Amino acid sequence: MRRLIPRLLLLAVLGGGLLVWSQLRKPRDLRISLDLTAALPGEVKDVDVIVRRGGHALARHFVRYGVAGAPGTVEFIIFAAPGNAEVETTLAYRQKPSRRSVAHVKLSPEQTATVHAE
């Protein structure tokens with residue numbers, strides 16, 4: 001009996017730690033907000049956003065806007081685990097060449113990650 005109690009205690013601590021760790025790494029709906037206010041209204045016609053972590057793509061969003069152009073802020077939701085990520089944004093303009101930018105953000109279920117596009 002004396003040897004059984006420490007073993008059970010060790011197994012309980014190990015199991016609890018694994019349960020907490022799995023809940024922290026569980027994929028969730030995470031929000032990303034793309035700020036396009038630096039561009040003139042109606043200037044951006046296409047928005048292509050790729051979210052990566054560790055060189056692997058987590059999500060891709062491509063939106064083509066009509067004559068009115070893209071709004072000042074574009075929000076989208078990805079299903080991934082919280083943590084650091086790289087957001088690659090390509091903006092296609094009506095009168096100018098496309099511009100690509102890369103930003104590093106922290107994805108969190110509590111707050112929206114904001115990317116300022118150029």
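For clarity, every value in this text was computed on a predicted model and none was experimentally measured. (Residues numbered from 1 in each chain as written. Predicted model: local features only at pLDDT ≥ 70, side-chain atom pairs only at ≥ 80, totals over all residues. Heavy atoms only, no water.)

Engineer: If you had to explain helix α1 (residues 4-24) to someone new, which residues and values would you point to?
Structural biologist: An ideal rise of 1.5 Å per residue puts 30 Å on 21 residues; α1 measures up with 31 Å between its terminal C-alpha atoms. Burial runs low along α1: only 0 of the 21 residues are buried. (Helix = DSSP H or I, 4+ residues; strand = E, 2+ residues; numbered from the N terminus. Expected span 1.5 Å × (residues − 1). Buried < 20%, exposed > 50% of the residue type's maximum accessible area, 1.4 Å probe, protein only.)

Engineer: Describe empty space enclosed by the protein, and please don't skip the residues or the numbers.
Structural biologist: The final tally for this structure, using the stated rule, is 1 cavity of 30 Å³ or more. Estimated volume of the largest cavity: approximately 50 Å³. Taken together, Thr 89, Leu 91, Arg 99, Arg 100, Ser 101, Ala 117 and Glu 118 make up the lining of the largest cavity. Secondary-structure elements contributing two or more residues to the lining of the largest cavity are β5 (83-93) and β6 (99-107). For the lining of the largest cavity, the per-class residue count stands at 2 nonpolar, 2 polar and 3 charged. (1 Å grid on protein atoms, 1.4 Å probe; cavity = no way out; pocket = protein on both sides within 12 Å on 5 of 7 lines; lining within 4 Å. Points joined across faces, edges and corners; volume = space filled by probe spheres on them. Nonpolar A, V, L, I, M, F, W, Y, C, P; charged D, E, K, R; others polar.)

Engineer: Give a detailed account of the sheet that holds strand β7 (residues 113-116), specifying residues and quantitative values.
Structural biologist: Strand order in the open sheet made by the 3 strands is β4-β1-β7, with mixed pairing throughout. With one partner strand each, in any of the chains shown, β4 (73-80) and β7 form the two edges of the open sheet. Along the sheet, successive strands turn relative to each other by an average axial angle of 25°, direction set aside. (Pairing = 2+ DSSP bridges. Axes fitted to C-alpha atoms, helices over the stretch in contact; angles between N-to-C directions.)

Engineer: Outline the pairing of β5, listing residues and values.
Structural biologist: Taking burial as the measure, the 11 residues of β5 include 8 buried ones, the bulk of the element. Across 8 bridges, the pairing between strand β2 (residues 44-53) and β5 is antiparallel. The partner of Ile 50 across the bridge, within β5, is Glu 88. Pairing geometry for β5 and β6, over 9 bridges, is antiparallel. Within β6, the position partnered with Thr 90 by the bridge is Arg 100. Hairpin connection between β5 and β6: a loop of 5 residues separates the two successive antiparallel strands.

Engineer: Which residues make up the sheet that holds β2, and what values do they have?
Structural biologist: Taking strand neighbours across the sheet as the criterion, the 4 strands line up as β3-β2-β5-β6 in an open arrangement whose pairing is antiparallel. Both outer strands of the open sheet, β3 (56-64) and β6, are each paired with one neighbouring strand and no more. Each neighbouring strand pair of the sheet contributes to a mean axis angle of 20°, computed without reference to strand direction.

Engineer: If you had to explain the side chain of Asp 35 to someone new, which residues and values would you point to?
Structural biologist: Relative to the assigned elements, Asp 35 resides in strand β1 (residues 28-35). There is a polar contact of 2.9 Å between the side chain of Asp 35 and the side chain of His 116. If we skip the residues at most four places from it in the chain, Asp 35 touches Gly 72, Thr 73, Val 115, His 116 and Ala 117. (Polar contact = N/O pair within 3.5 Å; in protein donor to acceptor, adjacent residues only side chain to side chain. Contact = heavy atoms within 4.5 Å.)

Engineer: Break down the nonpolar core for me, with residues and values.
Structural biologist: Nonpolar side chains tend to gather and get buried jointly when the protein is soluble and globular. Formed by 25 residues in total, the largest nonpolar core has its most connected members in Ile 32, Leu 34, Leu 36, Val 47, Val 51, Ile 78 and Leu 107. Residue assignment for this core shows that the elements contributing at least two residues are β1, β2, β4, β5, β6 and β7. Setting aside residues up to four positions removed in sequence, Leu 34 forms contacts with Val 47, Val 49, Gly 72, Thr 73, Val 74, Thr 89, Val 115 and Ala 117. (Core = buried A, V, L, I, M, F, W, Y, C linked by side-chain atoms within 4.5 Å.)

Engineer: Explain the pattern of salt bridges residue by residue, including any values.
Structural biologist: Within this structure, the stated rule accounts for 7 salt bridges. With its nearest N and O atoms 3.7 Å apart, the salt bridge here joins Glu 75 to Arg 31. One end of the pair, Glu 75, is in strand β4; the other, Arg 31, is in strand β1, and 44 residues separate them in sequence. Owing to a relative accessible area of 40%, Arg 31 belongs among the partly exposed residues under this scheme. Across the pair Glu 86 and Arg 52 runs a salt bridge whose closest N-O atoms are separated by 4.0 Å. With Glu 86 in strand β5 and Arg 52 in strand β2, this residue pair connects regions lying 34 residues apart in the sequence. Salt bridges here are not isolated pairs; linked through shared partners, they connect Arg 52, Glu 86, Glu 88 and Arg 100. (Salt bridge = Lys/Arg side-chain N within 4 Å of Asp/Glu carboxyl O.)

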